[in-house]
Every structure is written in C-alpha cells, then in structure tokens.
Amino acid sequence: MLEYRGSGKFRYLALGSLWDQGFVHGFTGKELDFSGEGLKRSCETLCRELGVVSVVLPRQVHGSDVMEIAPGDRQRLCELNPSEYVCPGDGDGLVVCLRREPGEPAMAFGVVTADCLPLVMLSGDWAAVVHAGWRGMAAGVIQKAISELRCRVKDHPIEVLCG
C-alpha cells in the first residue's frame, strides 16, 4: 500500500512493502525543484531526509538508454561528483544493484518527471528507476529496463510501481 513518509513540509509517497524490504524510494511532489538552482537544494533535502550522501539522477534525454550502477560503482560516482547531486551521464533509466560493497556510501537513485511516467522496478537485489515519456516509451525505454533487470535476476519476479 502507498503511504506518506517524510517529516515537516517534505512528504513523499512510498510503497510500504518495498520500503520494508530495504528499498528506499519515494515519489515527491512540487515542494522539490530539480531545475536550475533548485537542483542542489532539492538534492540536499533528499540526502538529509533519506540519510544518504548523494542523489544519483541521469541527464534525461527522452530516449531509451538505461545505465547500470553495479556493486563497487557508488564509490567511483562519489569520487567523480563529490556533492549531493551525482549525474552518471545521459539516459532515462538506471538499473541499480541494491547490495553495497563494504565501505560504499548510501545513495538514492531516481528520475525526475513532470508529465512523464516515473517507474520503479524491483527484483531480488536489483532495482530500476525509469523516466518514461512518450518518446522514451516509443523508443523502448521500459522494455530495455526490464531486459536489463532480467539479465541480472533471471527468472525472479519483477515488481513494478508506477508513479
């Protein structure tokens, strides 16, 4: 069941069953601004509220590219982008291994949407976040994210949450 989480004026929707499995996620509203100057402030808010060191957001291009964040990648991402906001490159989805290597920082992974569809997929130790607009859907971003997950989890079921 979807439930509100967060504190003060910062609230977000999350699926309790996924949260209970250790998958930190959420759908935010208009109180966060990820454009221009608001990006840094919004990432700082998310880091504080979620207890992570940075927020990983791809540079979304309305296409079908999905990037992998494998075990060991978190430290490299932090070293390349030592701030609350980390951009791994151009793409409209991230496939993320939820297992962290010892000493790796806690990070949040997401996409930003306005009139596009945010998707969260979870299967075993892997998750995907997808920015699915009409161009990305036509280009196959959802199928590509599922395919990338399927390569890693084989026959394990995939749970999908649409925002």
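1. Digging into the sheet that holds strand β8 (residues 107-109)
Argument step 1. Across the sheet, three strands lie side by side as β6-β4-β8; this open sheet has parallel pairing. One side of each edge strand has no neighbouring strand; the edge strands of this open sheet are β6 (85-86) and β8.
Argument step 2. In this structure, strand β4 (residues 54-56) lies alongside β6, joined through two bridges in parallel fashion. By the bridge assignment, Val55 is partnered in β6 with Tyr85.
Argument step 3. Helix α2 (residues 38-50) contacts β4, β6 and β8 of the sheet and is inclined by roughly 115 degrees relative to β4.
Argument step 4. Along the sheet, helix α3 (residues 73-80) contacts β4, β6 and β8; its crossing angle with β8, the most-contacted strand, is approximately 95 degrees.

2. A short note on α3
Since the α-helix turns once every 3.6 residues, residues separated by three or four places project in the same direction.
Argument step 1. Those residues of α3 lying buried are Asp73, Arg74, Leu77 and Cys78. For α3, the arc enclosing every buried residue in end-on projection is 135 degrees, short of the 170-degree limit, so these residues lie on one face. Away from the buried face of α3 by more than 90 degrees, exposed residues Glu79 and Leu80 are located.
Argument step 2. Of the surrounding elements, those touching the buried residues of α3 are β4, β5 (66-69), β6, β7 (93-97) and β8.

3. Focus on the pairing of strand β2 (residues 10-15)
Argument step 1. Strand direction decides the pairing type here: strand β1 (residues 2-7) and β2, joined by six bridges, are antiparallel. By the bridge assignment, Glu3 is partnered in β2 with Ala14.
Argument step 2. As consecutive antiparallel partners, β1 and β2 are separated by two residues, and within that stretch Gly8 has a phi angle of approximately 55 degrees, a positive value.
Argument step 3. Summarising the sheet, β2 and strand β3 (residues 27-28) pair through two bridges and their orientation is antiparallel. Directly across from Leu13, in β3, lies its bridge partner Phe27.

The rules behind each value
Residues numbered from 1 in each chain as written. Predicted model: local features only at pLDDT ≥ 70, side-chain atom pairs only at ≥ 80, totals over all residues. Heavy atoms only, no water. Pairing = 2+ DSSP bridges. Helix = DSSP H or I, 4+ residues; strand = E, 2+ residues; numbered from the N terminus. Contact = heavy atoms within 4.5 Å. Axes fitted to C-alpha atoms, helices over the stretch in contact; angles between N-to-C directions. Buried < 20%, exposed > 50% of the residue type's maximum accessible area, 1.4 Å probe, protein only. Arc of directions from axis to C-beta.

These values are about where atoms sit, not about what they do.
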